[in-house]
Amino acid sequence: MRRPLPRPRRRWLIIGGAALIVVVLLIAGFAMRTPAPVGHFTSAVAHDRFLAAYRQAMAELQQPDQTLDVRTSYGVVRLYRFAGAEPDADPLLLLPGRAAASPVWADNLPALLRLRSVYTIDLLGEPGMSIQQRPIETPSDHAQWLHEVLVELPEPRIHLLGLSIGGWTAMNLTVHRPEKVASVMLLDPVLVFADLSWQAIVRSIPASVRWFPRSWRDDFASWTANDAPVEDVPVAQMIEAGMQTYALQLSAPHRITPEELAGVRTPTLALLAGESRMHDTAEAAGVAERALPAATVIVYPDASHAINGEYPDRVAADIATFIAASGQ
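Keep in mind it's a predicted model, so treat the numbers as computed, not measured. (Residues numbered from 1 in each chain as written. Predicted model: local features only at pLDDT ≥ 70, side-chain atom pairs only at ≥ 80, totals over all residues. Heavy atoms only, no water.)

**Thoughts on the overall build of the chain**
- The helix and strand inventory of the chain stands at 13 helices and twelve strands.
- The 328 residues of the chain split such that 62% are buried.
- Within the chain, residue pairs in contact and separated by at least 24 positions form 81% of the contacts whose partners lie at least 6 positions apart.
- About 12400 Å² of surface is accessible on the chain, with carbon and sulfur atoms providing 53% of the total. (Helix = DSSP H or I, 4+ residues; strand = E, 2+ residues; numbered from the N terminus. Buried < 20%, exposed > 50% of the residue type's maximum accessible area, 1.4 Å probe, protein only. Contact = heavy atoms within 4.5 Å. Areas by Shrake-Rupley, 256 points an atom, 1.4 Å probe, with all protein chains shown as cover.)

**Some thoughts on the packing of helix α5 (residues 139-152) against helix α6 (residues 165-176)**
- Viewed as axis vectors pointing N to C, α5 and α6 meet at an angle of 90°, and their least axial separation amounts to 9 Å. As summarised for this structure, α5 and α6 are arranged roughly perpendicular, according to the angle between their axes. Contact with α5, carried on its side by Pro 139, Ser 140, His 142, Ala 143, Leu 146, His 147 and Leu 150, involves Trp 168, Thr 169, Asn 172, Leu 173 and His 176 of α6 and no other residues of that element.
- Of the residues assigned to the contact of α5 with α6, the class counts are six nonpolar, six polar and no charged. (Axes fitted to C-alpha atoms, helices over the stretch in contact; angles between N-to-C directions. Parallel < 35°, antiparallel > 145°, perpendicular 65-115°, else oblique. Nonpolar A, V, L, I, M, F, W, Y, C, P; charged D, E, K, R; others polar.)

**Section: the pairing of strand β4 (residues 75-82)**
- Most of β4 is tucked away, with eight of its eight residues classed as buried.
- Looking at chain direction, strand β3 (residues 66-72) and β4 are connected through seven bridges and run antiparallel. Counterpart to Thr 67 in the pairing with β4 is Tyr 80.
- A loop of two residues connects β3 with β4, the two strands running antiparallel in sequence.
- Sheet topology note: the β4/strand β7 (residues 131-132) ladder contains two bridges and is antiparallel. The partner of Val 76 across the bridge, within β7, is Ile 131. (Pairing = 2+ DSSP bridges.)

**Concerning the pattern of salt bridges**
- Overall, the coordinates contain seven salt bridges when judged by the stated rule.
- Between Arg 114 and Asp 313 there is a salt bridge; the shortest N-O distance is 4.0 Å. Taken together, the residues Arg 114 in the loop between α4 (109-113) and β6 (118-121) and Asp 313 in helix α13 (residues 312-325) connect sequence positions 199 residues apart.
- The class of Arg 114 is exposed, set by a relative accessible area of 58%. (Salt bridge = Lys/Arg side-chain N within 4 Å of Asp/Glu carboxyl O.)

**Remarks on the environment of Ala 291**
- Its place among the elements puts Ala 291 in helix α11 (residues 281-291).
- Taking the C-alpha atoms as reference points, Ala 291 and Leu 261, separated by 30 residues in sequence, lie 5.8 Å from one another.
- Not counting residues within four places of it along the chain, the set of residues in contact with Ala 291 comprises Pro 258, Leu 261 and Ala 262.

**What about α13?**
- Taking 1.5 Å per residue as the helical rise, α13 with its 14 residues ought to reach 20 Å, and the 20 Å between its terminal C-alpha atoms agrees with that figure.
- Within α13 the residues assigned to the buried category are Pro 312, Val 315, Ala 316, Asp 318, Ile 319, Phe 322 and Ile 323. The buried residues of α13 occupy an angular sector of 165° when the element is viewed end-on, so they sit on one face. Structural note: α13 exposes Asp 313, Ala 324 and Ala 325 on the side pointing more than 90 degrees away from its buried face.
- After α13 finishes, the residue Gly 327 shows a positive phi value of roughly 70°. (Expected span 1.5 Å × (residues − 1). Arc of directions from axis to C-beta.)

**Focus on the packing of helix α3 (residues 44-58) against helix α9 (residues 234-245)**
- At a closest axis distance of 8 Å, the pairing of α3 and α9 adopts a crossing angle of 160°. Judged by the inter-axis angle, α3 sits roughly antiparallel to α9. When the axes of α3 and α9 are compared, the crossing they make is left-handed. For the pair formed by α3 and α9, the contact residues are Ala 46, Arg 49, Phe 50, Ala 53, Tyr 54, Gln 56 and Ala 57 on the first element and Pro 234, Val 235, Gln 237, Met 238, Glu 240, Ala 241, Gly 242, Gln 244 and Thr 245 on the second. (Left-handed = near helix turned anticlockwise from the far one by under 90°.)

Laid out in structure tokens, this is it:
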């Protein structure tokens, strides 16, 4: 079911993190890999720079009720729990995108917490508070570490909400290890329903080179948010710091195939950005509707890839409707 939405009034700020959440594609990363088998900060000074930016960005969120470090066979994963409405309902787990972390959800938390409790996660192998300790080399590896996190959470089932590459991470888990997944909700996911645009690939390469000027990474962030300004935004500063100080050592995500999608039995919501520069949105919507006939597919006509920062209240409303309709 595909429903176009009327043009909403844009918020005064488009979070740079949601823009950058995209694809700092690993093409350039593979060309310049370091010998270390796991993701790491390039120096103590680099780590300190990122930590300062991370803490400043975290100050934009309300205080979490609980901080968890969950040990998995691939490393230690940082989560934050925020108590919300309906404490007995299955909670949401929010997965950010490439080079992002929990603070990217600052605009979304207030509305989502009116629905139910929320966990945020710093993806393993990305700049953040999670610590990768074992190589992540295959889609099964990506699914396994996240499955191990869900197993350690006390709730019997979890709703996944993934943004950009976080959407790929959520759907990849649902393909491989869906046992605890109550539903999967995707915000303009990359490499799930369509390939990356050639423009995104070309522009991501210089942005992913750590020693290139910061302005190149800011320009890429702005481009993904359809030229919205991103300077002096704490989340954008955190993401830029992560891109500049952290060496990724993850396998490149493979496009999830229509055949894999066809095997998904988990209730699925796809919220796609009509003006996304990451992929062909019409193609992505068509694939989603054909491969997942029971899914709900909604296109926000005027949204950029920064959809979560542009439409936080509308996203929460669509999630509430979807969860209710799914009987969750």
